[in-house]
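Each chain is listed here by its residues.
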Amino acid sequence: MLLSGTLKYYLNQEKVMKKVVLITGASSGFGKFTALELIKKGYEVYGAARRVEQMQELVDKGGHAIQMDVTNDTSVKAGIGQLIDEQGKIDALVNNAGFGSYGFIETTDIDHMKRMYDVNVWGLVRVSQHVLPYMRKQGHGSIVNISSIVGKVSTAFLGFYASSKHAVEAISDALRQEVGRFGINVSIVEPGAFSTGFDDVVLKELEGVNPGEAYQPIVDSFIPFFKNMYAKAPTPEPVVKAIVKAIERRKPKTRQAVGSDAKGGIFMKGLLGDRTFDNIMLGQMKMK
Ligand SMILES: NC(=O)c1ccc[n+]([C@@H]2O[C@H](COP(=O)([O-])OP(=O)(O)OC[C@H]3O[C@@H](n4cnc5c(N)ncnc54)[C@H](OP(=O)(O)O)[C@@H]3O)[C@@H](O)[C@H]2O)c1
């Protein structure tokens, strides 16, 4: 009797002590690997994505899988409600769900791109809006927003995707200033190209998109460059490390560029004039 009481006490203590984290887009790539790493480190991890069956490994390792579409308010509210009912708090949120859809400004269907903004921008805002009241009441919390190198630079054909990540950067900077007073940290991770499911989604998004005769040659030379870049892209560990650091530091860096391409690209953009940078990028991406 006494033993079971003591055991219960320690189990409850463990629950109180364990940090609770919600990661969107945990069915693949950065989100999945971050979820697995945080489970290993002893966090109570909630992974969220539409393809709940892709999160079985996370569940098998002791995490929780929530079916969530970040574009759907009811779905986001229900998922966060479940987490709070079960844990009573949320220590960290990783806004990672996102995808890339490429197209030229002149010829791209606006509605096609609105779908991407709904995930990359409004999805991030929507999830944050549902989590922030709990973090504010607790008086602490960490929000990590996954941007990209293209949150800092923009290139031909990637303009819409880049603009969605520029929006992530602007929203994150504003949010950091707004909620710091409540003990909430906001930081940004800016990866370069890493091997995840990202490139498959980009290529799938391009199926059936007609860039128009004038732009087709640019696409024809860009696609092999893109495939080759992702065939050689590094695995996501450095990004996972950056996300974990952003969650665990009392005062995390406001932004971390990850990968030599991201660090180099952002540095060059700051160093060179626009036209020189344009020329280098167009050359590197085989768009000249
Ligand atoms: N890999 C790169 O080279 C790279 C570079 C810079 C930035 N990023 C950014 O990193 C983040 C993660 O991407 P990744 O590279 O890990 O690609 P990924 O392997 O394709 O993972 C994307 C994740 O986002 C989720 N997602 C997409 N739409 C969603 C929605 N409506 N609701 C909920 N979840 C949704 C997907 O889950 P479901 O499909 O199951 O919903 C999936 O788990 C993205 O924001 C991406 O823009 C990637």
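Definitions and limits used
Residues numbered from 1 in each chain as written. Predicted model: local features only at pLDDT ≥ 70, side-chain atom pairs only at ≥ 80, totals over all residues. Heavy atoms only, no water. Helix = DSSP H or I, 4+ residues; strand = E, 2+ residues; numbered from the N terminus. Rg over C-alpha atoms; globule rule 2.2 N^0.38 Å. Contact = heavy atoms within 4.5 Å. Areas by Shrake-Rupley, 256 points an atom, 1.4 Å probe, with all protein chains shown as cover. Lys, Arg positive; Asp, Glu negative; His and termini not counted. Charge placed at Lys NZ, Arg CZ, Asp CG, Glu CD. Buried < 20%, exposed > 50% of the residue type's maximum accessible area, 1.4 Å probe, protein only. Pairing = 2+ DSSP bridges. Right-handed = clockwise from strand over helix to strand, strands pointing away. Axes fitted to C-alpha atoms, helices over the stretch in contact; angles between N-to-C directions. Near = heavy atom within 4 Å. Polar contact = N/O pair within 3.5 Å; in protein donor to acceptor, adjacent residues only side chain to side chain. Nonpolar A, V, L, I, M, F, W, Y, C, P; charged D, E, K, R; others polar. Phe/Tyr/Trp six-rings, centres within 6.5 Å; stacked < 30°, edge-to-face > 60°.

Undergrad: Honestly, the overall build of the protein chain in this entry has me stumped. Any pointers?
TA: From N to C terminus, the protein chain includes twelve helices and seven strands. What you see for the protein chain is a C-alpha radius of gyration of 20 Å, in line with the 19 Å of a compact globule of 288 residues. Dimensions along the principal axes, computed over C-alpha positions, put the protein chain at roughly 80 × 40 × 30 Å. Within the protein chain, contacts between residues separated by at least 24 positions form 69% of all contacts whose residues are at least 6 apart in sequence. Summed over all atoms, the accessible surface of the protein chain reaches about 14800 Å², with 55% contributed by carbon and sulfur. If you average the places of the 36 positive and of the 30 negative side-chain charges in the protein chain, the two averages end up 8 Å apart.

Undergrad: Before we go on, may I ask you to explain the pairing of strand E5 (residues 141-146) in this structure?
TA: Regular strands have side chains that alternate between both faces of the sheet. With six of its six residues buried, E5 lies for the most part within the structure. Of the two faces of E5, the one carrying Gly141, Ile143 and Asn145 and the one carrying Ser142, Val144 and Ile146 are both buried. Two strands pair when backbone bridges link them, and E5 and strand E6 (residues 184-191) are joined in this way by six bridges, in the parallel orientation. If you follow Gly141 over to E6, its bridge partner there is Ile184. Read from E5 through helix H7 (residues 159-179) to E6, the crossover connection turns out right-handed.

Undergrad: What is the right way to look at the sheet that holds strand E2 (residues 44-49) in this model?
TA: Backbone-to-backbone hydrogen bonds pair the strands of a sheet. The strands run either parallel or antiparallel. One open sheet holds the seven strands; their spatial order is E3-E2-E1-E4-E5-E6-E7, and the pairing between them is parallel. Looking at the sheet topology across the chains shown, the edges are occupied by strand E3 (64-67) and strand E7 (255-258). Taking the axes of each pair of neighbouring strands and ignoring which way they run, one obtains an average angle of 15° across the sheet. With four bridges connecting them, E2 and E3 associate as parallel partners. If you follow Ala48 over to E3, its bridge partner there is Ile66. Packed onto the sheet, helix H2 (residues 29-40) meets strand E1 (20-24), E2, E5 and E6 and runs at close to 165° relative to E1. On top of the sheet, helix H6 (residues 122-138) reaches E1, strand E4 (92-95), E5 and E6; it is set at about 175° to E4, its chief contact.

Undergrad: It is not clear to me how the environment of Gln54 should be interpreted in this structure. Could you clarify?
TA: Along the chain, Gln54 falls in the loop between E2 and helix H3 (56-60). In this structure Gln54 comes out as partly exposed when scored by relative accessible area, which is 39%. In this structure the C-alpha to C-alpha distance between Gln54 and Ser27, which are 27 residues apart in sequence, comes to 5.1 Å.

Undergrad: What is the right way to look at the site of the ligand in this model?
TA: Taken together, 30 residues form the shell around the ligand, and within it Ser28, Arg50, Tyr161, Thr196 and Tyr230 come nearest. Here Ser28 contributes a side-chain N or O atom positioned 2.5 Å from an oxygen atom of the ligand. One of the backbone nitrogen or oxygen atoms of Gly197 is found 2.9 Å away from an oxygen atom of the ligand. Relative to its unbound accessible surface of 880 Å², the ligand loses 96% to contact with the protein. Contributing elements (two or more residues each) for the shell around the ligand: H2 and H7. Residue composition of the shell around the ligand, by class: 14 nonpolar, twelve polar and four charged.

Undergrad: Explain the packing of aromatic side chains to me, please; I cannot follow it from the model alone.
TA: Here a ring pair, both rings aromatic, is described through the centre-centre distance and the interplanar angle of the planes. A complete count under the given rule lists 13 aromatic pairs for this structure. Taken together, a centroid distance of 6.1 Å and an interplanar angle of 65° make the contact between Tyr102 and Phe222 edge-to-face. Separated by 120 residues along the polypeptide, Tyr102 in the loop between E4 and helix H5 (110-120) and Phe222 in helix H9 (residues 216-231) bring together distant segments of the chain. Through successive ring pairs, a cluster of aromatic residues spans Tyr102, Phe104, Phe157, Tyr161, Phe198, Tyr215, Phe222, Phe225, Phe226 and Tyr230.

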